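Structural overview for review
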Amino acid sequence: GAEVADKLCAKVLPAAARELEGVAIAVVVDAGEHPGLLRYLRVDEAALPAVLILDTSSGVPVPVRPLPETGEELAAKARAAIAGELRPPARSEPAPADPKEGALIRLVGSTFHAAASEADKDVAVLIHAPWCARSKALLATWRVVAEAAARRG
């Protein structure tokens, strides 16, 4: 806890800030004095100390885990986030053990990006609510379409 936070504040963050000067801003927040900021950034107090990279265009925080050991490591993560290569974790239910449901593949938040961005395939995604009667009706039609597409290859 405190030793890790001290190292982050005294060594890692200043080194990263020097390396990222003009590209990114490094900020240290006392979570005890700003609990509302923790809620806004979706940080659980039990996860402190935490390092986040905040994409200011979307306002979405990207947690850096494991915590960086060096300024160079943190700067590399910040550059990856700026380049769009580091994404926030998806809020997700657990990935299904067997995602195939006939011709359909069941996606959840943590599996969506990889499945929906395959460059060699066209992907059609139905986002539905399993409790909604209209979604259930649409899902039945979606299964028929998926089975026909699977037969055509």
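Our structure's up above, just so we're on the same page.
Here the structure is a predicted model, which means the values were calculated and not measured.

Turning our eyes to something else, we now look at the pattern of salt bridges. Enumeration according to the criterion identifies 4 salt bridges in this entry. Glutamate 69 is the salt-bridge partner of lysine 7, the closest N and O atoms lying 2.8 Å from each other. Note that lysine 7 is positioned in helix 1 (residues 2-19) and glutamate 69 in the loop between strand 2 (60-63) and helix 3 (71-82), a separation of 62 residues in sequence. For the salt bridge of arginine 106 with glutamate 93, the shortest nitrogen-to-oxygen distance reads 2.6 Å. Within this pair, whereas arginine 106 is found in the loop between strand 4 (104-105) and helix 4 (109-116), its partner glutamate 93 is found in the loop between helix 3 and strand 3 (100-101), the two being separated by 13 residues in sequence. The class of arginine 106 is partly exposed, set by a relative accessible area of 33%. Taking the relative accessible area as the measure of exposure, glutamate 93 reaches 44% and is therefore partly exposed.

Among the nonpolar cores identified, the biggest contains 13 residues, and Leu8, Val51, Ile53 and Leu74 are the most heavily contacted of them. Contributions of two or more residues to this core are made by helix 1 and helix 3. Leave out the neighbours within four places in its chain, and isoleucine 53 touches Val60, Pro61, Val62, Val64, Lys77, Ala78, Ala81 and Leu86.

Gaps left between atoms are located by rolling a probe of water-molecule size over the structure's atoms. If you add up the space inside the largest pocket, you get close to 1500 Å³. Considering the residues around the largest pocket, the lining is formed by 49 residues, among which Val51, Leu52, Ile53, Leu54 and Val62 are closest to the centre. Counting residues per element, the lining of the largest pocket draws most heavily on helix 1, at 6 residues. Of the residues contributing to the lining of the largest pocket, the split by class is 38 nonpolar, 8 polar and 3 charged.

Further remarks concern the side chain of serine 135. For serine 135, the position within the fold is in helix 5 (residues 133-152). Those residues within four positions of serine 135 in sequence are excluded, and the remaining contacts are His128 and Ala129.

With that settled, the discussion passes to unusual backbone geometry. At the junction of leucine 48 and proline 49, the peptide bond is cis and its omega measures out at -5° in the coordinates. Within the secondary structure layout, proline 49 lies in the loop between helix 2 (35-40) and strand 1 (52-55). The omega angle of the peptide bond from arginine 65 to proline 66 is -10°, so this bond is cis rather than trans. Mapping proline 66 onto the fold places it in the loop between strand 2 and helix 3.

Moving on to the environment of proline 88. You can see proline 88 is positioned in the loop between helix 3 and strand 3. Owing to a relative accessible area of 35%, proline 88 belongs among the partly exposed residues under this scheme. Distance from proline 88 to leucine 52, taken between C-alpha atoms, is 9.6 Å for residues 36 residues apart in sequence. For proline 88, the residues in contact, after removing those within four places along its chain, are Val60, Pro61 and Val62.

Calculation notes
- Residues numbered from 1 in each chain as written.
- Predicted model: local features only at pLDDT ≥ 70, side-chain atom pairs only at ≥ 80, totals over all residues.
- Heavy atoms only, no water.
- Salt bridge = Lys/Arg side-chain N within 4 Å of Asp/Glu carboxyl O.
- Helix = DSSP H or I, 4+ residues; strand = E, 2+ residues; numbered from the N terminus.
- Buried < 20%, exposed > 50% of the residue type's maximum accessible area, 1.4 Å probe, protein only.
- Core = buried A, V, L, I, M, F, W, Y, C linked by side-chain atoms within 4.5 Å.
- Contact = heavy atoms within 4.5 Å.
- 1 Å grid on protein atoms, 1.4 Å probe; cavity = no way out; pocket = protein on both sides within 12 Å on 5 of 7 lines; lining within 4 Å.
- Points joined across faces, edges and corners; volume = space filled by probe spheres on them.
- Nonpolar A, V, L, I, M, F, W, Y, C, P; charged D, E, K, R; others polar.

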